[in-house]
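# Chain and residue survey
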Amino acid sequence: MKALALSILGSIRYRIAEYMPQERDIFTIPHEFITYKMALDAVESKGSYLKYVPEILRTEKICEIAAINSVFEMERECNPWDFIPDDILTYEFCEKIIRQNPYALYMIPENILK
């Protein structure tokens, strides 16, 4: 019974990914069906999509990509820095982002810079 349920769940996940218009449209998928790859593709296309990534999938790598890509977004729907978990949003993390893109300095929360 458990194997059947897991098989059905896997099939549903596959079909959602298969018929989804674009993987970066992560906001159209229920959180429980979002995979790590979907989350990664979403933040690679638009950093502000971090707000749609379930908290369990917000790894340092995904947050780093979102933070770097958000600097290049001309129109800002939201600041992805607001959705980076506190355990990832450290001085060292911000320093790494600034090294990759100095313009990120303008988006870092003030409490980190003090």
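This text follows the structure it describes.
An account of the accompanying structure is given in this report.

Calculation rules
- Residues numbered from 1 in each chain as written.
- Predicted model: local features only at pLDDT ≥ 70, side-chain atom pairs only at ≥ 80, totals over all residues.
- Heavy atoms only, no water.
- Core = buried A, V, L, I, M, F, W, Y, C linked by side-chain atoms within 4.5 Å.
- Buried < 20%, exposed > 50% of the residue type's maximum accessible area, 1.4 Å probe, protein only.
- Helix = DSSP H or I, 4+ residues; strand = E, 2+ residues; numbered from the N terminus.
- Contact = heavy atoms within 4.5 Å.
- Salt bridge = Lys/Arg side-chain N within 4 Å of Asp/Glu carboxyl O.
- Axes fitted to C-alpha atoms, helices over the stretch in contact; angles between N-to-C directions.
- Parallel < 35°, antiparallel > 145°, perpendicular 65-115°, else oblique.
- Left-handed = near helix turned anticlockwise from the far one by under 90°.
- Nonpolar A, V, L, I, M, F, W, Y, C, P; charged D, E, K, R; others polar.

### Here we look at the nonpolar core
- Ranked by size, the top nonpolar core spans 31 residues in total, and within it L50, W81, I84 and F93 carry the most contacts.
- Listed by contribution, the elements that provide at least two residues to this core are α2 (36-45), α3 (60-71) and α4 (91-100).
- If one sorts the elements of this core by residue count, α3 sits on top with seven residues.
- In this structure F93 touches E60, C63, E64, W81, I84 and I88, once residues within four positions along its chain are discounted.

### Focus on the side chain of E64
- Among the secondary structure elements, E64 is positioned in helix α3.
- For E64, the contacting residues outside a window of four places in its chain are F93, K96, I97 and Q100.

### Quick look at the pattern of salt bridges
- Within this structure, the stated rule accounts for four salt bridges.
- Where K96 meets E64, a salt bridge forms, and the shortest distance between an N and an O atom there is 3.3 Å. Placement of K96 in helix α4 and of E64 in helix α3 is noted, with a sequence separation of 32 residues between them.

### Topic: the packing of α2 against α3
- Where α2 meets α3, the closest approach of the two axes is 8 Å, and the angle between their N-to-C directions is 15°. Classified by the interaxial angle, the pair formed by α2 and α3 is roughly parallel. Viewed along their axes, α2 and α3 form a crossing whose handedness is left-handed. Where α2 approaches α3, its residues Y36, A39, L40, V43 and E44 are matched on the opposing element by K61, I62, I65, A66 and N69.
- Looking at the contact of α2 with α3 residue by residue, the class counts come to seven nonpolar, one polar and two charged.

### Concerning the environment of P54
- With respect to the helices, strands and loops of the structure, P54 is situated in the loop between α2 and α3.
- Taking relative accessible area as the criterion, P54 reaches 9% and is therefore assigned buried.
- Taking the C-alpha atoms as reference, P54 lies 9.3 Å from T35; in sequence the two are 19 residues apart.
- Discounting residues that sit within four places of it in the chain, P54 has contacts with H31 and I34.

By themselves, these observations are geometric and do not establish any function.
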